[in-house]
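Each chain, letter by letter, is given below.
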Amino acid sequence: MRYRPFGTSGKAVSAISLALRRAGGPSTAEAWRSLIFAAMENGINCFDIGAGDEALERGVAEALQAVERRLLFLVFTIEGDPLRPLSAEALADLVRQGLKRSSAGYFDVVMLGEAAYAGLTPQAKLLLQRVRDAAMALQLGVVGEGEVLAECIRDPTYEVLATRYNLTSEWRTRRLLRDAAAVGMTAIGYDVAPAEMVRPQTASKLPALRKRSHNPLAGAGTYAFLHETARWTPEELCLAFALTEPSLATLQLDMSLANQLEALAAVPDRDPPTALGAQVEMARFGAEPPDQRQRA
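Residues numbered from 1 in each chain as written. Predicted model: local features only at pLDDT ≥ 70, side-chain atom pairs only at ≥ 80, totals over all residues. Heavy atoms only, no water.

### Section: the overall build of the protein
- Looking only at helices and strands, the protein features 13 helices and ten strands.
- Across the 296 residues of the protein, 49% fall into the buried class.
- Of the contacts made within the protein by residues no fewer than 6 positions apart, 75% connect residues no fewer than 24 positions apart. (Helix = DSSP H or I, 4+ residues; strand = E, 2+ residues; numbered from the N terminus. Buried < 20%, exposed > 50% of the residue type's maximum accessible area, 1.4 Å probe, protein only. Contact = heavy atoms within 4.5 Å.)

As structure tokens, this is what we get:
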């Protein structure tokens, strides 16, 4: 595993982190503890905890009994409800319960999902700042895309952002990352291996793949290489490419990839295929409309 500085926090985080979410995850504290241990055994020290899941938070507490708190970097993400505002009371309850159940003592970052950010009441925003002032959270951040993140980059309240980043990311995302780095924000990437990219090839595409040995350029300008590169799975290639983005402090794996932890955790120490960058750019160029090609 490789480690990267998390902005100006003074801490180093594993290049690969794990987003712990109820959807697709275990249902008991013991199972969450086992998953966290498995991640730590593979060098992962950064975990993003979804707020409001008691079994998950208690699983974190059980894992912390075996490791010093300072050795882990804990992100606490509040998704929010798009149908109602996030009040100061609701925000306080989530943070206090999360800290109590997880026995974390503090969160390195409290993150707001787009719904939580959009639903913040004025009182809740003031409380968020008091949470940081009281060292219940060392930094504050926002998860999202597009204009939401552009707005956060202009707001000194937030020091961290998390956004979707993978081999299909367009110029807008790359520009946001540059803008964030310019003002000293730390960036996290997620959705590094999109399901539509890594799912097995359909039967209709198999004949074209078989002809590749007769035509070395067959499939050029497409993402077919994800399924044709020897000794690499599509997920590993997606992750290897995302790791080349220097502005990202860590790349989050979601629960759908938890069963591949050992193989994916080894990717930062592997040399990526020589032509990976060129293959991605050719595929992206072939997929982007002309106006996006000119701006990229």
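### Quick notes on the side chain of arginine 69
- Along the polypeptide, arginine 69 turns up in the loop between helix 2 (54-64) and strand 5 (73-78).
- At 2.9 Å, the side chain of arginine 69 and the side chain of aspartate 108 are in polar contact.
- Leaving out residues up to four positions away in the same chain, arginine 69 has contacts with Lys11, Leu64, Leu74, Ala104, Tyr106, Phe107 and Asp108. (Polar contact = N/O pair within 3.5 Å; in protein donor to acceptor, adjacent residues only side chain to side chain.)

### What about unusual backbone geometry?
- A positive phi angle, near 65 degrees, is found at alanine 135, a position not held by glycine.
- Relative to the assigned elements, alanine 135 resides in the loop between helix 5 (122-133) and strand 7 (137-143).
- Its identity is not glycine, yet arginine 231 carries a phi of approximately 65 degrees, on the positive side.
- Assignment of secondary structure puts arginine 231 in the loop between helix 9 (206-210) and helix 10 (234-242).

### With respect to helix 2
- By the burial criterion, the buried members of helix 2 are Leu56, Glu57, Gly59, Val60, Ala61, Ala63 and Leu64.
- Packing partners of the buried residues in helix 2 comprise strand 3 (16-20), helix 1 (29-41), strand 4 (46-50), strand 5 and helix 3 (88-102).
- At the N-terminal end of helix 2, a side-chain oxygen is found 3.2 Å from the backbone nitrogen of alanine 55, two or three residues along, and the residue is aspartate 53.

### Re the sheet that holds strand 8 (residues 160-164)
- If you walk around this closed barrel you meet the eight strands as 3-4-5-6-7-8-9-10, and the pairing is parallel. Averaged over all pairs of adjacent strands, the angle between their axes in this sheet comes to 30 degrees, without regard to strand direction.
- Taken together, the three bridges between strand 7 and strand 8 define a ladder with parallel strand orientation. Paired with glycine 141 across the strands is valine 160, a residue of strand 8. (Pairing = 2+ DSSP bridges. Axes fitted to C-alpha atoms, helices over the stretch in contact; angles between N-to-C directions.)

### Topic: the side chain of aspartate 48
- Topologically, aspartate 48 is positioned in strand 4.
- Relative accessible area serves as the criterion here: at 4%, aspartate 48 is assigned to the buried category.
- With near-sequence residues (within four places) excluded, aspartate 48 lies in contact with Leu18, Ala19, Leu20, Arg21, Val75, Phe76, Thr77 and Gln252.

### Quick word on the packing of helix 3 against helix 5
- Relative to each other, helix 3 and helix 5 sit at 30 degrees, their axes nearing to 8 Å. In terms of orientation, helix 3 and helix 5 fall into the roughly parallel class. On the side of helix 3, the interface is formed by Ala88, Leu91, Ala92 and Val95, while helix 5 contributes Gln123, Ala124, Leu127, Leu128 and Val131.
- Looking at the contact of helix 3 with helix 5 residue by residue, the classes come out as eight nonpolar, one polar and no charged. (Parallel < 35°, antiparallel > 145°, perpendicular 65-115°, else oblique. Nonpolar A, V, L, I, M, F, W, Y, C, P; charged D, E, K, R; others polar.)

### Re the pairing of strand 8
- Taken across its five residues, strand 8 has four buried, putting it largely inside the fold.
- Taken together, the five bridges between strand 8 and strand 9 (residues 186-190) define a ladder with parallel strand orientation. For arginine 164, the partnering residue across the bridge sits in strand 9 and is tyrosine 190.

### Some thoughts on the confidence of the model for the protein
- Scored by pLDDT, the protein comes out at a mean of 88, with 89% of its residues at no less than 70.
- For the protein, per-element mean pLDDT is lowest for helix 9, which scores 42, and highest for strand 5, which scores 98.
- A low-confidence stretch, residues 202-218 stays under pLDDT 50, and its non-local contacts, those more than four residues away or across chains, total six contacts.
- The low-confidence segment residues 289-294, where pLDDT is below 50, has six contacts with residues more than four positions distant or belonging to other chains. (pLDDT = per-residue confidence, 0-100.)

### A word on the environment of glutamate 159
- Its location among the elements puts glutamate 159 in the loop between helix 6 (146-153) and strand 8.
- Each C-alpha atom, one on glutamate 159 and one on leucine 140, is 5.8 Å from the other, the two residues being 19 residues apart in sequence.
- Look past the residues within four positions of glutamate 159 in its chain and what remains in contact with it is Arg132, Leu138, Gln139, Leu140, Gly184, Met185 and Thr186.

### Quick word on the environment of glutamate 245
- Structurally, the position occupied by glutamate 245 is in the loop between helix 10 and strand 10 (248-253).
- Linking glutamate 245 and leucine 177, residues 68 residues apart in sequence, is a C-alpha distance of 9.5 Å.
- Once residues within four sequence positions are removed from consideration, glutamate 245 is found in contact with Arg4, Tyr165 and Leu177.
- There is a polar contact of 2.6 Å between the side chain of glutamate 245 and the side chain of serine 247.

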